[in-house]
Amino acid sequence: MNGEPTTGGAVETYEKDFRSYCIGGALALVLTAIAFALVAFEILPVFERLVAIALLAVVQIVVHFRYFLHISWHSHRDDLQLVLFTSLILFLMVGGTIWILFNLHSRMM
Amino acid sequence: MSAESSFSLLGNLGAQDISFVHAYENPVMSEFIAASAGGFMVVGAVIVIALLSYYRGWRSLWFDWLTSVDHKKVGIMYIVVAFVMLARAIIEAVLMRYHQSIAVNDPGILSPDHFGQLFSTHGSIMIFFVAMPFVSGMMNYIMPQQIGARDVSFPLLNAISLWLTAAGAALVMISLVVGQFSTGGWTAYPPYTSIEFSPGEGVDYWIWSISLTSIGSTLTGLNFATTIYKNRAPGMTLFRMPLFCWTTLCTSILMIFAMAPLTIATLMLALDRYAGFHFFTNDSGGNMMNYANLFWLFGHPEVYILILPAFGVFSEVISTFSGKVIYGYKSLVFATMSIAVLSFTVWLHHFFTMGQGANVNAVFGIATMLIGVPTGVKVYDWLLTMVRGRIRLSTAMLFSIMFLVTFVLGGLTGVILANPPVDFAVHNSLFLVAHFHNMVIPGVLFGMIAGYQFWFPKAFGFRLSERWGKASFWCWSIGFYLTFMPLYALGLMGAMRRTVEWFRPEYLGWLQVSFAGAMLLLSGFLLLAVQLIVSVRQREQRRVPAGDPWDGRSLEWSNSAPPPEYNFAVIPQVEARDAFSWMKEHKKAYLSPDNYEDITVPKNSMVAPVIGVAAIVFGFALVWHIWWLAIVSFTGIWGTVIARSFVTETERVIPASEVRADHEAWLARVREAPVTPREREDTSDNVGRAEVLA
Amino acid sequence: MNTSPLSHPGLNLGSVDEYSHEEAEPVIFGFWIFLMADLVLFALLFATYATMSVQGQADGPSPADIFDLSSAFIGTMLLLASSITFGMASLALKYRADGPHLVLWLVLTFILGAGFIGMELRDFMTMIAQGAVPQLSGFLSSFYLLVATHGIHVTAGLIWMIVLLIQLRVMGRTTTVKLRIMRLALFWHMLDIVWVCIFSFVYLYGVTL
């Protein structure tokens, strides 16, 4: 049950890995609850509420990546590069699409 | 669309959909041409079947080829698909050029509907079923050998990708005989392609054939990227890889990310057509402009998927036939990476005229001009490789030099088009058509033909005829200029693309010259076929068993021609860039290894052809609304996948003794082989042991 | 070459099973790439939804008219819980060489996941009964496509789970089966990430805007 040093020198133990999932789960739960509460109880003015929901989502995504998918700065360089490059592509594609379509929409009215 | 609510075993399919029946019922020239095309295809298929039976090739076809998961065989099969589809698409082009050359104040020989199908199949086939398979096949064959690997990371997945593309191609071929193809162009913009304006089966053929091949391409990109990242030989760092592998890596990254927008666009179009959704409809909140956005999010990276492998080929060919190390390796790598990233930032330049504000257009116009810079860097690197080199004008090298001149010309017209206000004048004119053919033909096609000439001896063990190769080269080159330079002029004179009849007599001369050029292009293609036939006939005098006919620089030249199934008897240890040149210079080539080990290779599998055939049936069933068949074939595909996952014996072992025997026998032949000096490269003296220049 | 302690995404087997750990690297990397491509797919569905939920309502209902937040909340809890139970299954895979834990946690994950799908189907049926069908407007078309694509992915994961449970029984805990479970884990966690975006930007935004 107790780990020996792995290829990178870090010591894994059941306790450590178990804690990762527990912390991740607890954080995700709290972040989700706050987001739903903001809407259910109409906390904050509308614009700030939307920003808060977005931030909570981003934080929760990072929590998922870190505690469930075990992606961190210690990950293999290839995996990190892939995640970062994907993020760039997502930003370009989603951002570009929204910019273009809203621009077109405003010129149609 | 019939409104029958009764169940029909064959969906919407009826006897009148068979092209021969249709021509019989509507006897006009256009229909005869269509029926003949269908007839040619059927006759061609029958001839192939007859030849296979005559030469008793069925066993070999199934056991050595169709069920193979060897990347070399998969690569060759991809290229075979490409050449077959090229034959069809070139004939379609010649037909269109002929029709247009006479259709000035004249209806010509093709009906508008038929003409619409022709430009749609021509474009769809050339992009998806000629260029994509050609580059995929080339990368498949060469990249694993260049990195010192035995195969790609996921061999069965590789074969499945091939079969998905073949399935898409089969659907397009079937549309020649059963039903009609789309008339919406290779881009299939709604609302023209919506169910309201294109009620027949044509657009559905387009949707499902493209969807199948695009899934295959995504998986191929995944496979190649994993192979390059995880499967390189010891000592082969990323910066010691040949440039063809760098372009393969960047192409793979593009494939992974760019196919998804196409899948989405076609899926949404399918939902609109089949289920009455409102993604792209005129009413009820549809937004057809999103289609253009999604399609070109795919479409622009797609053209870089096509050109980057060609750039890789040119790097290899130019350095080998200049007898010099490639100039500016690092700048070429960074240029390739820049192109890969920038290719995701320019897609709007395909629809400057759709109605966005000037600021939006300006941003994308600037990005488009920027992307020309790294390509320019590459051109300079290639030119500087040739400077002070000892150049040999082989067929592959001739294609490369013609590429350098002609592609730059096309690139310049691209910079012109990158200007939104200029583009407003020439968008969708023949100027645009000339521009993109000016990129694809000298770029992708010449690159792939050069790669084919260059690596054919490695793959098949004998060289191609240089004489016929050069004849083909001249036809392709002069043919290209004759066909497309007039189109630039015509575009500036106001002629638009996809036009079935003209009404301006001043166009006539240009169109006639263009048709003459098209005949030359067709001749170029036919001469490639002649080259192949002649070379096969003369193969005994052309054999290069020692494996290195050109004094190659990278690892694929270090094994036999053709290579063994496992590529390398012992995985090489890499010490430097241009790994094989290094070995030859340091007298480390062709040494007997100290020990041999058993080699594990994947077993053949019928999973890939089964999935492929099921995919054809699935696509066909969806096109014709034969729902029971669609469900059955879909279940068949996934059932096969699940069943395969229960198979545990998926590999076989080649014993070390067998590897030793084969390898030592080959090494003995190599050591006996006379070294061929450069001047004798194109003679029967060349048995694959090239002289190494100091 | 690689000096990082984590040779691939997800829970690394490391020194617990060195052979499987080595085999895992290229296999998991390839699957990781597939997940990235899948993310692009979802991202474009989101981008389409973002524009159509605002511009494409036509004469049909708005998001606030039809979304049921309490149902979305329950579904979210079910899916999040299933991610945690899959984490427990991954731990059992790594640290308990035998015993019923792995299978039990997987079965629990399946039940929670199936519950999520059940709730989603119920929601869809309710909306359809109210007349909010995808054929009504662009907004509804994009809503159904986005959420149903996620649902189809989850369903595929459930089928995959069943196949793996059968394979655990029939083939045992071989390296091949272990690597498949590890890939399913990545898939499952990724789907929960997509769901975070759905409940945030579809449901919560929809009700607020």
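Look up a bit, the structure's there.
Residues numbered from 1 in each chain as written. Chains lettered and ligands numbered in written order. Predicted model: local features only at pLDDT ≥ 70, side-chain atom pairs only at ≥ 80, totals over all residues. Heavy atoms only, no water.

A. How the structure looks around the overall build of chain A. For chain A, the helix and strand inventory stands at three helices and two strands. Secondary structure of chain A in N-to-C order comes out as β-β-α-α-α. Considering chain A as a whole, with its 109 residues, one finds that 46% of them fall into the buried category. Here chain A displays about 5,900 Å² of accessible surface, and carbon together with sulfur accounts for 71% of that area. (Helix = DSSP H or I, 4+ residues; strand = E, 2+ residues; numbered from the N terminus. Buried < 20%, exposed > 50% of the residue type's maximum accessible area, 1.4 Å probe, protein only. Areas by Shrake-Rupley, 256 points an atom, 1.4 Å probe, with all protein chains shown as cover.)

B. View of the interface of chain A and chain C. The interface of chain A with chain C comprises 53 residues on the first partner and 59 residues on the second. Counting each side, the surface lost to burial between chain A and chain C is near 4,900 Å², with a carbon and sulfur contribution of 77%. The tally of links from chain A across to chain C stands at one salt bridge. The partner of A:D17 in a salt bridge is C:K94, with the nearest N and O atoms 3.2 Å apart. Where chain A meets chain C, there are eight residue pairs in polar contact (both at pLDDT 80 or more). Those elements that place two or more of their residues in the side of chain A that touches chain C are β1 (2-5), β2 (11-13), α1 (14-40), α2 (46-68) and α3 (77-108) of chain A. It is α3(A) that provides the largest number of residues to the side of chain A that touches chain C, a total of 14 residues. Its residues placed into classes, the side of chain A that touches chain C shows 31 nonpolar, 16 polar and six charged. (Contact = heavy atoms within 4.5 Å. Buried area = accessible area lost by both parts, 1.4 Å probe. Salt bridge = Lys/Arg side-chain N within 4 Å of Asp/Glu carboxyl O. Polar contact = N/O pair within 3.5 Å; in protein donor to acceptor, adjacent residues only side chain to side chain. Nonpolar A, V, L, I, M, F, W, Y, C, P; charged D, E, K, R; others polar.)

C. Spatial organisation of the pattern of salt bridges. Tallied over the full model, the rule gives 18 salt bridges over all chains. Where B:K230 meets A:D78, a salt bridge forms, and the shortest distance between an N and an O atom there is 3.5 Å. Note that B:K230 is positioned in helix α7 (residues 202-230) and A:D78 in helix α3, a pairing that runs across two chains. You can call B:K230 buried: its relative accessible area is 19%. For B:R504, the salt bridge goes to B:E506, with nearest N and O atoms at 3.1 Å.

D. Looking closely at helix α4 (residues 71-102) of chain B. With 32 residues, α4(B) extends 47 Å between its outermost C-alpha atoms, agreeing within 8% with the 46 Å of an ideal straight helix rising 1.5 Å per residue. You can read the cap of α4(B) off the contacts: a side-chain oxygen lies 3.0 Å from the backbone nitrogen of B:K72, and it is on B:D70. (Expected span 1.5 Å × (residues − 1).)

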